[in-house]
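For reference, the chains in residue letters:
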Amino acid sequence: MFSLKDKVLVALSGGADSVALLRILLQMGYTCEAAHCNFHLRGEESNRDEAFVREFCRKFEVPLHVVHFDTERHASERHISIEMAARELRYLWFAELKDACSAQVIAVAHHQDDSVETMLLNLIRGTGINGLTGIRPKNGVVVRPLLCVSREELITYLQRIGQTYVTDSTNLQDEFTRNKIRLKLLPLMQEINPSVKDSLAETSLHLQETTLVYQNSIEEGRKRVLLPNGIHISSLLEEPSPTALLFEILHPMGFNPSQIKDIFATLSGQPGKQFTSKEWRVIKDREWLLIQKLSATKENAPSFRLVREEAEYTPHFAIPCEKHTACFDADKLNGEITLRKWQKGDTFVPFGMKGKKLISDYMTDRKFPLTEKENQWVLCCDDRIAWLIGERTDDRFRVDESTRKVVIYKQIFD
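These numbers were taken from a predicted model, which means no experiment stands behind them.

A. The sheet that holds strand β8 (residues 230-232), seen in detail. In space, the five strands of this open sheet follow the order β7-β8-β11-β10-β9, with antiparallel pairing throughout. Strand pairing shows two members of the sheet lacking a second neighbour, β7 (226-227) and β9 (274-276), which therefore form its edges. In terms of strand pairing, β7 meets β8 through two bridges, oriented antiparallel. When the bridges of β8 are listed, L227 appears paired with G230. Helix α10 (residues 242-250) contacts β7, β8, β10 (280-284) and β11 (288-293) of the sheet and is inclined by roughly 170 degrees relative to β8.

As structure tokens, then:
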């Protein structure tokens, strides 16, 4: 996990687990520095913990770094829970401090009980296989050396060496979901199986191994079904477990299990249904589940620019046929020229036709994906549409035998 030559930054709260971790690392000969966060969530208790940590580090001559956070304010500004805010602040600071003090790893004191509680918490909330593996021993530069040791064993160790520690009173309250698991659910499970923590920890280890095989299979499936614009539906349905693959693709984007179940149910339905997470949108199209970043759907500027040219119309003039180039009779295109996205109710006369057609019907007939419909721009001459850009011009502005001068617009993608 890390070697004796590595400097270790230890997260030190003052509780039994973090105190035991630092004492064990020092006893084994590691070079350590300590980091303590005062979140100011428990009044005088928070200051008591800081004072204990300062005295502990002074006694064992361990360099100490302390930071104070306005955790409640951060949670309010980010619209997240207090627990999530504390975690966010803590790990951001640890990462900065690790570099500042030239440590190789950040050691945190999660133990077997924490991993078991996490496993049960995820199971209660609903999760995929990754959520059932408990806490990982290593995540980047964050290491957790105590995952094989129970809370009871750590306390026994501290008692044996005569080491004191502080107790967080909130850990003894039935206030948070994790504490309900610790104080109520696990004791009930132990009545059924006294070694249930060991059993769950062993199951977690098996699942961590299984996850390696599972993730490899998921990654191969992802390559088969996921393209830049989204998920190819028929390819997804040919997979051994399309529901699992869909979950693993969409869950990291913020879609919850209920949404993903509903998305799967739409695969055989009519196109047009949409689902959104905080940052992403999934749209059921004919053959695709289109995936878009929400910020991209709010873009008001076109992704291209138009270049205008004029030319005399002679018998030798060749009218451009490329879809990104439009040629008009200059005398007919004599109004104010504007560029905008198409709107509901817009009509035009498609080149080669005589009657008007709704742009929405035209795009439906041409089987435009929904995302292309939403991002379709039109070139207008006064209140008439002269060009469904990149697709088709309006017959009313066509070049004919009476044309003397032409106007050419080119759609350029930079």
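B. The arrangement of the nonpolar core in detail. Residues V8, V10, L12, L22 and L25 are the most contacted members of the largest nonpolar core, which totals 27 residues. For this core, the secondary structure elements donating two or more residues are β1 (7-11), α1 (16-27), β2 (31-38), α2 (44-59), β4 (105-107) and α6 (151-161). Sorting elements by how many residues they give to this core places α1 first, with six residues. If we ignore the near neighbours within four places in the chain, the residues touching L25 are F2, V8, V10, Y30, C32 and A107. Membership of the second largest hydrophobic core comes to 19 residues, among which are L246, I249, V282 and I291.

C. Just the pattern of salt bridges, in detail. With the rule as written, the count across this model stands at 29 salt bridges. One salt bridge in this structure joins E45 and R42, with 2.5 Å as the shortest N-O distance. Of the charged contacts, one joins E117 and R151 as a salt bridge, the two residues approaching to 3.6 Å between their closest N and O atoms. Highlighted residues: E117 in helix α5 (residues 112-125) and R151 in helix α6, separated in sequence by 34 residues. For R151, a relative accessible area of 24% gives the class partly exposed. Via salt bridges that share partners, D113, D114, E117, R151, R178, R182 and K197 belong to a single interconnected network.

D. Fine view of helix α4 (residues 82-100). With 19 residues, α4 should cover 27 Å at 1.5 Å per step; its first-to-last C-alpha distance of 27 Å lies within 8% of that length. Every buried residue of α4 is listed here: A85, A86, L89, Y91, W93, F94, L97 and K98. Taken together, the buried residues of α4 touch β1, β2, β3 (64-68), α3 (71-78), β4 and β6 (142-143). Phi turns positive, to about 60 degrees, at S102, one or two residues after α4.

E. The arrangement of a negative patch on the surface in detail. Taken together, E152, E153, D198 and E202 make up a surface patch of like negative charges. Within the residue set of the negative patch, elements represented by two or more residues are α6 and α8 (196-225). With respect to the helices, strands and loops of the structure, E153 is situated in helix α6.

F. Examining the packing of helix α7 (residues 177-192) against α8 more closely. Orientation of α7 relative to α8, taken along the N-to-C sense of each, is 100 degrees, at an axis distance of 9 Å. Taken together, the axis directions place α7 and α8 in an arrangement best described as roughly perpendicular. Counted together, L186, M189 and Q190 of α7 and V196, K197 and L200 of α8 form the full contact between these two elements. Its residues placed into classes, the contact of α7 with α8 shows four nonpolar, one polar and one charged.

Rules behind the numbers
Residues numbered from 1 in each chain as written. Predicted model: local features only at pLDDT ≥ 70, side-chain atom pairs only at ≥ 80, totals over all residues. Heavy atoms only, no water. Pairing = 2+ DSSP bridges. Helix = DSSP H or I, 4+ residues; strand = E, 2+ residues; numbered from the N terminus. Contact = heavy atoms within 4.5 Å. Axes fitted to C-alpha atoms, helices over the stretch in contact; angles between N-to-C directions. Core = buried A, V, L, I, M, F, W, Y, C linked by side-chain atoms within 4.5 Å. Buried < 20%, exposed > 50% of the residue type's maximum accessible area, 1.4 Å probe, protein only. Salt bridge = Lys/Arg side-chain N within 4 Å of Asp/Glu carboxyl O. Expected span 1.5 Å × (residues − 1). Patch = residues over 30% accessible without salt bridge, like charges linked within 9 Å, V, L, I, M, F, W, Y side chains within 5 Å. Areas by Shrake-Rupley, 256 points an atom, 1.4 Å probe, with all protein chains shown as cover. Lys, Arg positive; Asp, Glu negative; His and termini not counted. Charge placed at Lys NZ, Arg CZ, Asp CG, Glu CD. Parallel < 35°, antiparallel > 145°, perpendicular 65-115°, else oblique. Nonpolar A, V, L, I, M, F, W, Y, C, P; charged D, E, K, R; others polar.

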